[in-house]
Number of protein chains: 2
Amino acid sequence: MSCAEEYTPKLRARGYRMTSQRLAILHVLHHSGGHLSPAEVYEQAHLQVPGLTETTVYRTLDFLAENGLARPAHMGSGRLVYEIARHEHHHLKCRTCGTEMEVEHALLKSMYQKLESESGYKLTDSHLTFFGLCPNCQKGD
Amino acid sequence: MSCAEEYTPKLRARGYRMTSQRLAILHVLHHSGGHLSPAEVYEQAHLQVPGLTETTVYRTLDFLAENGLARPAHMGSGRLVYEIARHEHHHLKCRTCGTEMEVEHALLKSMYQKLESESGYKLTDSHLTFFGLCPNCQKGD
DNA sequence: TTCCTTATTGCAACTTTTGGCAATAATATG
DNA sequence: CATATTATTGCCAAAAGTTGCAATAAGGAA
Ligand SMILES: [Mn+2]
Ligand SMILES: [Mn+2]
Ligand SMILES: [Zn+2]
Ligand SMILES: [Zn+2]
């Protein structure tokens, strides 16, 4: 299934329009798979849609996140990165060497439920980054 | 105990210097208690140290966070805010109305331990923001 | 297909944040 | 207290991100 076929209906269902800019950006996110900065998204999507501006990239990434097609992440650089929304997961990142690993959301499920029952809130988002020391960097202290 | 008496030794112990700029910024964070943006910190600290620049505020907040005297937080605006480091806690924030509440770190302790044992990482930071719907906003759906 | 409505984009100005480098000032030492 | 060392700051310029508004184009209706 093409990106257009996959994502257009999701936007239409919410009353939004598919545009060449949005499609190009979704395409970049979809085929990269990883976390991309707005600048990286722009650099690639720009090739498909020459007139594309960085302003539109910022607005579109925010829009896609707002509508559940992309997920924003704070990976410690102080700047937001984005990825296509697929399986629910979180990240562990080493403060020393930067090594990352993914953690399935399932592992935190019960904690989320405890948080919900204690607070009365219904938690929606789930794409956190936990910082610490990786096994290797613990040795060197 | 004054801010100077409280924080100077902590910096010295790590080989750093106490300056009028750092003291003013610590003072602002300490007596506010809440989350402040760099601009808010600048606005207040500036009154005590007229020559203070925004550049220094950014650098100092980052420095204080790096050294455990302040904690950065992503509260959903896309911009970092900071607070003085006191008890360990996290935040719940409503996507709809913005209402926030604090959650003691103790509530997540066992999940942190599970994460550590599963991953081998030693988790250091703990100041997360969970997003969702508050009890009130769930009614209106 | 053509027309109409309005969501979306590009542009330009503006705000926020970062980085290099020389001047300044905290603190250790004599 | 005077001097030396170097961490820290201010200044300036650049990079990253945001906003208002007029022009454009997606998609529904005729
Ligand atoms: Mn991710
Ligand atoms: Mn907090
Ligand atoms: Zn590591
Ligand atoms: Zn609410």
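Residues numbered from 1 in each chain as written. Chains lettered and ligands numbered in written order. Predicted model: local features only at pLDDT ≥ 70, side-chain atom pairs only at ≥ 80, totals over all residues. Heavy atoms only, no water.

1. What to know about the overall build of chain A
A count of helical and extended segments in chain A gives six helices and six strands. Helices and strands appear in chain A in the N-to-C order α-α-α-α-β-β-β-β-α-β-β-α. Among the 141 residues that make up chain A, the fraction classed as buried is 42%. Sequence separation of 24 or more characterises 48% of the internal contacts of chain A that already satisfy a separation of 6 or more. Of the roughly 7700 Å² of accessible surface on chain A, a fraction of 48% belongs to carbon and sulfur atoms. In chain A, 15 positive and 16 negative side-chain charges are present, and the distance between their average locations comes to 4 Å. (Helix = DSSP H or I, 4+ residues; strand = E, 2+ residues; numbered from the N terminus. Buried < 20%, exposed > 50% of the residue type's maximum accessible area, 1.4 Å probe, protein only. Contact = heavy atoms within 4.5 Å. Areas by Shrake-Rupley, 256 points an atom, 1.4 Å probe, with all protein chains shown as cover. Lys, Arg positive; Asp, Glu negative; His and termini not counted. Charge placed at Lys NZ, Arg CZ, Asp CG, Glu CD.)

2. Some thoughts on the coordination of the zinc ion (ligand 3)
The reference angle at a metal is 109.5 degrees if four donors form a tetrahedron and 90 or 180 degrees if six donors form an octahedron. Residues and elements named next belong to chain A. Summarising the metal site, the zinc ion (ligand 3) is bound by the protein donors Cys94 (SG), Cys97 (SG), Cys134 (SG) and Cys137 (SG), whose distances to it range over 2.2 to 2.3 Å. Each of the four donor atoms bound to the zinc ion (ligand 3) contributes to angles spanning 104 to 113°, and the resulting shape is tetrahedral. Ordering the donors of the zinc ion (ligand 3) by residue number gives the pattern C-x2-C-x36-C-x2-C. With cysteine 94 in strand E3 (residues 89-94) and cysteine 134 in the loop between strand E6 (129-133) and helix H6 (135-139), this residue pair connects regions lying 40 residues apart in the sequence. No difference in accessibility class separates cysteine 94 from cysteine 134, as the two residues are buried. (Donors = N, O, S within 2.8 Å, 3.2 Å for Na, K, Ca; no water. Tetrahedral: all angles 85-135°; square planar, octahedral: opposite > 155°, others 65-115°.)

3. Description of the domain arrangement of chain A
Residue and element names in this part refer to chain A. For chain A, the assigned domains are domain 1 (3-84) and domain 2 (89-139). Inter-centroid distance (C-alpha atoms) of domain 1 to domain 2 is 24 Å. Contact residues are listed per partner, giving eight residues for domain 1 and seven residues for domain 2. Counting each side, the surface lost to burial between domain 1 and domain 2 is near 610 Å², with a carbon and sulfur contribution of 53%. Counting the surface domain 1 buries against domain 2, the share from its top three residues, Arg71, Met75 and Glu83, is 64%. (Domains from an automatic or database assignment. Buried area = accessible area lost by both parts, 1.4 Å probe.)

4. Some thoughts on the relation of the copies chain B and chain A
Between chain B and chain A, the superposition needs a rotation of 180° and an axial shift of 0.0 Å, giving an RMSD of 0.1 Å. Viewed as a symmetry operation, the transformation between the two copies matches a two-fold axis. No C-alpha of chain B approaches the rotation axis more nearly than that of methionine 111 of chain B, which lies at 3.1 Å. When the interface residues of chain B are mapped onto chain A, 100% of them again lie at the interface, so the same face is used by both copies. (Least-squares fit on C-alpha atoms with pLDDT ≥ 70 in both.)

5. With respect to the protein's contact with DNA strand D
Taken together, 19 residues lie around DNA strand D, and Tyr58 of chain A together with Gln21, Arg22, Thr56 and Arg59 of chain B are the ones closest in. Counting only atoms of DNA strand D within 4 Å of the protein, the sugar-phosphate share comes to 69%. The contact in question runs from a base oxygen of DNA strand D to an N or O atom on the side chain of arginine 59 of chain A, over 3.4 Å. Measuring from a phosphate oxygen of DNA strand D, one finds a side-chain N or O atom of arginine 22 of chain B at 2.6 Å. Sorting the residues of the surface near DNA strand D by element identifies helix H4 (54-66) of chain A together with helix H2 (20-32) and helix H4 (54-66) of chain B as the ones contributing at least two each. Class assignment of the residues belonging to the surface near DNA strand D gives a composition of four nonpolar, seven polar and eight charged. (Near = heavy atom within 4 Å. Polar contact = N/O pair within 3.5 Å; in protein donor to acceptor, adjacent residues only side chain to side chain. Nonpolar A, V, L, I, M, F, W, Y, C, P; charged D, E, K, R; others polar.)

6. Points about the protein's contact with DNA strand C
Lining the immediate surroundings of DNA strand C are 19 residues, of which Arg22, Thr56 and Arg59 of chain A together with Arg12 and Tyr58 of chain B lie closest. Per the 4 Å cut-off to the protein, sugar and phosphate atoms form 71% of the nearby atoms of DNA strand C. Between DNA strand C and the protein, one listed contact pairs a phosphate oxygen with a backbone N or O atom of arginine 17 of chain A at 2.9 Å. Among the elements of the structure, helix H2 (20-32) and H4 of chain A together with H4 of chain B are those that each provide at least two residues to the surface near DNA strand C.

7. As for the pairing of strand E6 (residues 129-133) of chain B
Here E6 of chain B lies mainly inside the structure; five of its five residues are buried. Both faces of E6 of chain B are covered, namely the face carrying Thr129, Phe131 and Leu133 of chain B and the face carrying Phe130 and Gly132 of chain B. As paired strands, strand E5 (residues 122-123) of chain A and E6 of chain B are joined by two bridges and run antiparallel to one another. Paired with lysine 122 of chain A across the two strands is leucine 133 of chain B, which belongs to E6 of chain B. In this structure, strand E3 (residues 89-94) of chain B lies alongside E6 of chain B, joined through four bridges in parallel fashion. Bridge pairing in E6 of chain B places leucine 92 of chain B opposite phenylalanine 130 of chain B. (Pairing = 2+ DSSP bridges.)

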